[in-house]
Amino acid sequence: MMRAYFSDDQLRHHGKTFIVAGEKKPIPEVPERAEILHTAIARLGLEVCAPSDAGMAPIAAIHDNQYLDFLQTIYPEWIAAGGSELVIPNIHPFDRNGPYPRHHAGKAGFHLGDTSCPISETTWQSAYASAQTAISAARHVRDGGAQSAYALCRPPGHHASSNLAGGFCYLNNSAIAAQELREKYDRVAILDVDLHHGNGTQHIFYERSDILTLSIHADPMDFYPFFWGNAEETGAKDGIGFNKNYPLALGSGDDVFLAALDRAMVAIDEFGADAVVVALGLDASRDDPFGGLAVSPDGFSRIGEKIGTLTCPTVIVQEGGYVSVTLAENLYQFLSAFGATTKNISISEGPK
Ligand SMILES: [Zn+2]
């Protein structure tokens, strides 16, 4: 039986609002998501473990210290300066190689890539706990000898890069998990099946050949995050050839998604991955409020089944997937077909 990880501290962050079409709207990345995903875990009968606290080192292996300081200190600084209950930027630099401002609004613009990663009083606590959940799942596989583990990460992480939050993401849980695995395994792949391109993950590993990044997503020419995720982005320097994007036309369903997944699985095989992180977004669902792709519950079952054919250790990290009638069903179908209840059967659990 596969183990799941989750901490109640992950429920504390609530970004409340973000800006869509010039208007403040309720943010869809709500704590309730985690509660819904829990029902799928319970239905599968997976054991849910609280993560250990591995401290800051595994997080600082991926994120800049200046950014980590910002995430922990900007809220009180913002409030002391008369700011509202949410840190949201109003200016951004052309690039991030220039001077680092002293002013709270300047820092917010430096580190928050868009308006969909507001920082509240409890954001750091939840983002930190979400990262610890990913670390514990990775270590359960790396040090504990488990074949696979599921990290119920929330807030998600794949839009966050080393010094930049974005798209509901603050700490890149999938990247942190991959780096943890990298301490034991020479070649690690991150397979991102979220509706949105994993731009933060791509950016973090873009010049590296030891971690292959692959992302299947709605075509960024028509969909968030817009500026990254095209097939031509294949890596740089040592990382040339080690980043693969599979943009899909808006509205694509099961068969188109699975055809792209076939290509990604071949690439993982050719890379010779010793371990894999699955960045499991469920927002490619036909029922998801983002409405970019049209994967059915049966499609998630087929995706899980195909990924379940990987023979190397696999850590599944939850990314997006928003409240809809099939959110829990889609996770259940994926994990069930992946083999969550049949993998890692120990002698004591097995048939007598
Ligand atoms: Zn997403």
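No experiment lies behind these values; they were computed from the predicted model shown.

A few words on the side chain of Arg142. You can see Arg142 is positioned in helix 5 (residues 123-142). The class for Arg142 is buried, based on a relative accessible area of 11%.

We now examine a nonpolar patch on the surface. There is a patch of nonpolar side chains on the surface, built from Phe226, Phe227 and Trp228 and spanning about 360 Å² of accessible area. Looking at the secondary structure, you find Trp228 in the loop between strand 7 (211-218) and strand 8 (243-248). Overall, the relative accessible area of 35% leaves Trp228 in the partly exposed class.

Attention shifts here to the state of the cysteines. As used here, a disulfide is simply a covalent bond connecting the sulfur atoms of two cysteines. The final tally for this structure, using the stated rule, is zero disulfides. Looking at Cys169, it has no disulfide partner, and the nearest cysteine sulfur is the one in Cys117, 8.5 Å off. Not part of a disulfide, Cys312 finds its nearest cysteine sulfur in Cys153, a span of 19 Å. By relative accessible area, Cys312 is classed as buried at 12%.

With that settled, consider the layout of surface pockets. Which parts of space are left empty comes out when a probe the size of a water molecule is rolled across the atoms. When its volume is computed, the largest pocket comes out at roughly 920 Å³. Lining the largest pocket are 39 residues, and of these Gly113, Asp114, Asn199, Tyr224 and Trp228 lie nearest its centre. Those elements that place two or more of their residues in the lining of the largest pocket are strand 2 (17-20) and helix 7 (199-204). At four residues, the largest contribution of residues to the lining of the largest pocket is made by helix 7. When grouped by side-chain class, the residues that make up the lining of the largest pocket number 17 nonpolar, 17 polar and five charged. For the second largest pocket, the calculated volume is near 160 Å³. Of the residues contributing to the lining of the second largest pocket, the split by class is six nonpolar, two polar and one charged.

Cut-offs used in this document
- Residues numbered from 1 in each chain as written.
- Predicted model: local features only at pLDDT ≥ 70, side-chain atom pairs only at ≥ 80, totals over all residues.
- Heavy atoms only, no water.
- Helix = DSSP H or I, 4+ residues; strand = E, 2+ residues; numbered from the N terminus.
- Buried < 20%, exposed > 50% of the residue type's maximum accessible area, 1.4 Å probe, protein only.
- Patch = residues over 30% accessible without salt bridge, like charges linked within 9 Å, V, L, I, M, F, W, Y side chains within 5 Å.
- Areas by Shrake-Rupley, 256 points an atom, 1.4 Å probe, with all protein chains shown as cover.
- Salt bridge = Lys/Arg side-chain N within 4 Å of Asp/Glu carboxyl O.
- Disulfide = S-S within 2.5 Å.
- 1 Å grid on protein atoms, 1.4 Å probe; cavity = no way out; pocket = protein on both sides within 12 Å on 5 of 7 lines; lining within 4 Å.
- Points joined across faces, edges and corners; volume = space filled by probe spheres on them.
- Nonpolar A, V, L, I, M, F, W, Y, C, P; charged D, E, K, R; others polar.

Distances and angles like these do not, on their own, reveal function.
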